[in-house]
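# Coordinates in review
Single-letter residue listing:
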Amino acid sequence: MKQKIQRNTIVFILPTILLLFFFMILPVGESIWSSFHSNGGKGEFVGFANYIALFKDPSFLNIKYFIRGEQPFGALINSLIWALIHLPLSLGLGLLCALVMIKLPKLPALRTSIFLGMVIPGVITGVVTQFLFEKSSGMVSNFFGLIGVTSLHVSWFAHARTALLALIFTSVWVWTGYCMIIFLSALTTIPNSYLEAATLDGASGIQTFWYIKLPFLRSSIRTIVVMSLINELTNFDIIYSSTYGGPGGASNVLGLQMYLESFRYSRFGTGAAIATIMTLLAAVPIYFNVRSTLRK
Amino acid sequence: MSKRYILRRKASRVFLTIGGVLLSILWLLPIIGVVMASLRPYQEIVDGWWRFDEVTISFANFSYVLFKTTIPMVRPLVNSFVSSIFGALIPACLGTMAAYAFIRHYLPGKTFITVLILCLMAIPGQMIAIPVFKRINAIGLLDTYAGVVLMNTVTSLPWILFFMMNVIKGQSIAIEEAARIDGASDYRIFFEIVVPQSLPALGSVGILQFVWSWNSFFWPLIIIYDMKKLMATQVIPMLRGQFYTNWGALSAAALLVMGIPIIVFLFFQNLFIQGSVGFTDDK
């Protein structure tokens, strides 16, 4: 029997389809299109010129300084560093918190306080970070002063070496909560009988974790990697409201660079090229996510 | 052996509890810092809010940022509140309707739709910002709340679709089929069977989406520029001066802006967390 699309079906999906088409799908195409066209003037086709110019622009990619180990490395490298440090830290801390909190079901307030950072706006996180890394009133800076590491008893944002790290660590503070609740929901699906059997057989804590809990956490790890990579590569709010990429571009990232090029300097072609690169980077984790979803 | 074993278990329990409490206090400290800085005068907190040699509590910072600065916060807070309600309700309704049709109705290319939705969930705002800015300008929604609500709606539809499709897929189809045999229309089935069954999930969508609309910064920054129309999140970076920052005022403003999402979260914790877990996890 050949089925036909019902009129009612159209009514149900049309608003969503139209909105997504005109304000998301079409704009993606338009952005790619304008990344191949010149910034000003009539907007003639320029091929890969915008991309080539970007890779020559030291505020986007500064290999010479990167090799010397001296900021600014440029937005691209900074975003990659962000992902490289942020992902394992928030994943590890989130797992640690989840493993502790699963044993303390009667104290849900503890979980709440760790998750709180995830609830507040990104621009506020940018303010919070000042309370951690400012020389006189920041907790982390003062902690390093207390244990005698005077080189870190400074305002982290005033120094090219530490500005990006301060932002990354604050973001870890936020994302640990997200990782924790994803892990917690997976840990609760482990049947109690498995854990009891392991205890009876005399398995150590580490053995129980490695052979019983970890296999249950595999899909959570995938979820977290995808979600946090997308966030790490497109981050904007927290940087805008704290360092604005400074000092001297030391904490500049792709999200901010794209905003500056497009909406401060009105170089739409360049901005679109950065956005396309960001999306291509974010497409890597999404590809694996789509593949595993389709397998089910 | 058994006595020692019980003792050891008790000891590890105490150890775990202490560890958990310490972890959560550590994570709360930055927020406590903001609260302290907003309530106490600058001289007391300039060397660290954790010094309590002298403690004066005053709400001067709050009344300053709410009424007396160049951008009184009352208006932005109201702006954000109203547009976040619309930014939650509209996508929740549209997304649920579409999710129902995608799951239960006949449509060709359903796998393609699922893949497309998954991909759209990963599109960064920056990727669509420039064309969206031009289009919103063209239809006259630049510098309006409708423009912000529109973009909060569009960018949230993918995850709401994904989430609600999973929810509706999990519901029993038997009741719907029975109703259809009794001659109920698609609309009746949707409003009288699907929606009531999905209420907890819809609650999660509404709560999460309200908080995310409130927290959104990128779209307001691009769409709203009239100083009288600013959203709450937009005011925060403006309070930071280039050379001098009034930390007390900034903290008070920050507390006001994060207070709403925190209160909403504390009231609807379970819905919020179920939503946060469910929109990415496919079971």
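Taken residue by residue, the interface counts 72 residues in chain A and 72 residues in chain B. Examining the composition of the side of chain A that touches chain B, we find that 15 residues originate from one element, helix α1 (residues 7-35) of chain A, more than from any other. For the side of chain A that touches chain B, the per-class residue count stands at 45 nonpolar, 24 polar and three charged.

Interfaces are often sized by the amount of accessible area the parts lose when they come together. All names here are of chain B. When the domains of chain B are assigned, the result is domain 1 (2-58) and domain 2 (73-278). Relative to domain 2, the C-alpha centre of domain 1 lies at a distance of 34 Å. In this complex, domain 1 contributes six residues to the contact, which on the side of domain 2 involves six residues. The element best represented in the side of domain 1 that touches domain 2 is helix α1 (residues 2-39), accounting for four residues. Of the residues contributing to the side of domain 1 that touches domain 2, the split by class is five nonpolar, one polar and no charged.

Its place among the elements puts W27 of chain B in helix α1. Judged by the 23 C-beta atoms lying within 10 Å of it, W27 of chain B falls in the buried class. Setting aside anything within four residues of it in sequence, one finds W27 of chain B in contact with S113, I114, G117 and W173 of chain A.

Under the 1.5 Å per step criterion, the end-to-end length of helix α5 (residues 110-121) of chain B is 17 Å for twelve residues, consistent within 8% with the ideal 16 Å. Here α5 of chain B has its buried residues at I117, L118, L120 and M121 of chain B. The arc enclosing the buried residues of α5 of chain B, seen along the axis, measures out at 165°, which places them on a common side. Among the exposed residues of α5 of chain B, those oriented more than 90 degrees off its buried face are T111 and F112 of chain B. Residues of α5 of chain B that are buried in the fold lie against α1 and α14 (268-295) of chain A together with α7 (145-169) of chain B.

Glancing now at unusual backbone geometry. Residues and elements named next belong to chain A. Look at Y244: it is not a glycine, yet its phi comes out positive at around 55°. Among the residues examined, Y244 registers 16 C-beta atoms within 10 Å and is labelled partly exposed. Positive phi values are uncommon outside glycine, yet S266 reaches one of about 55°. Note on placement: S266 falls in the loop between α13 (254-264) and α14. When the 11 C-beta atoms within 10 Å are taken as the criterion, S266 is described as exposed.

As a further point, take the environment of L142 of chain B. Residues and elements named next belong to chain B. With respect to the helices, strands and loops of the structure, L142 is situated in the loop between α6 (125-138) and α7. Along the backbone, L142 and Y225 are 83 residues apart, and their C-alpha atoms lie at a distance of 8.8 Å. For L142, the residues in contact, after removing those within four places along its chain, are I136, N137, G147 and I223.

Glancing now at the nonpolar core. The biggest cluster of nonpolar side chains holds 170 residues, and the ones touching the most others in it are M180 and M278 of chain A together with M164, A253 and A254 of chain B. Counting residues per element, this core draws most heavily on helix α9 (residues 163-187) of chain A, at 17 residues. Lining this core are residues from two domains, each supplying at least three of them: domain 1 (2-58) and domain 2 (73-278) of chain B. Dropping the residues within four chain positions of it, M278 of chain A is found in contact with L233, T234, L254 and M258 of chain A together with P124, Q126 and M127 of chain B.

Residues and elements named next belong to chain B. The share of residues in chain B with pLDDT of 70 or more is 97%, and the mean pLDDT across the chain is 89. Ranking the elements of chain B by mean pLDDT puts helix α2 (residues 42-45) last, at 79, and helix α11 (residues 218-223) first, at 95. Here the complex is predicted with pTM 0.92, and the ipTM for its interfaces comes to 0.91.

Right, let's get into α1 of chain B. Residues and elements named next belong to chain B. Compared with the 56 Å implied by 1.5 Å per residue over 38 residues, the 53 Å span of α1 between its first and last C-alpha is a close match. Where α1 bends most, at L29, the angle is about 40°, and the proline P30 comes one to four residues later. Of all the residues in α1, the buried ones are L23, S24, W27, P30, I31, G33, V34, M36, A37, S38 and L39.

Definitions and cut-offs
- Residues numbered from 1 in each chain as written.
- Chains lettered and ligands numbered in written order.
- Predicted model: local features only at pLDDT ≥ 70, side-chain atom pairs only at ≥ 80, totals over all residues.
- Contact = placed C-beta atoms within 7 Å.
- Helix = DSSP H or I, 4+ residues; strand = E, 2+ residues; numbered from the N terminus.
- Nonpolar A, V, L, I, M, F, W, Y, C, P; charged D, E, K, R; others polar.
- Domains from an automatic or database assignment.
- Buried ≥ 20, exposed ≤ 12 C-beta atoms within 10 Å, placed from the backbone.
- Expected span 1.5 Å × (residues − 1).
- Arc of directions from axis to C-beta.
- Core = buried A, V, L, I, M, F, W, Y, C linked by C-beta atoms within 7 Å.
- pLDDT = per-residue confidence, 0-100.
- Bend = angle between axes of the 7 residues up to and from the residue.

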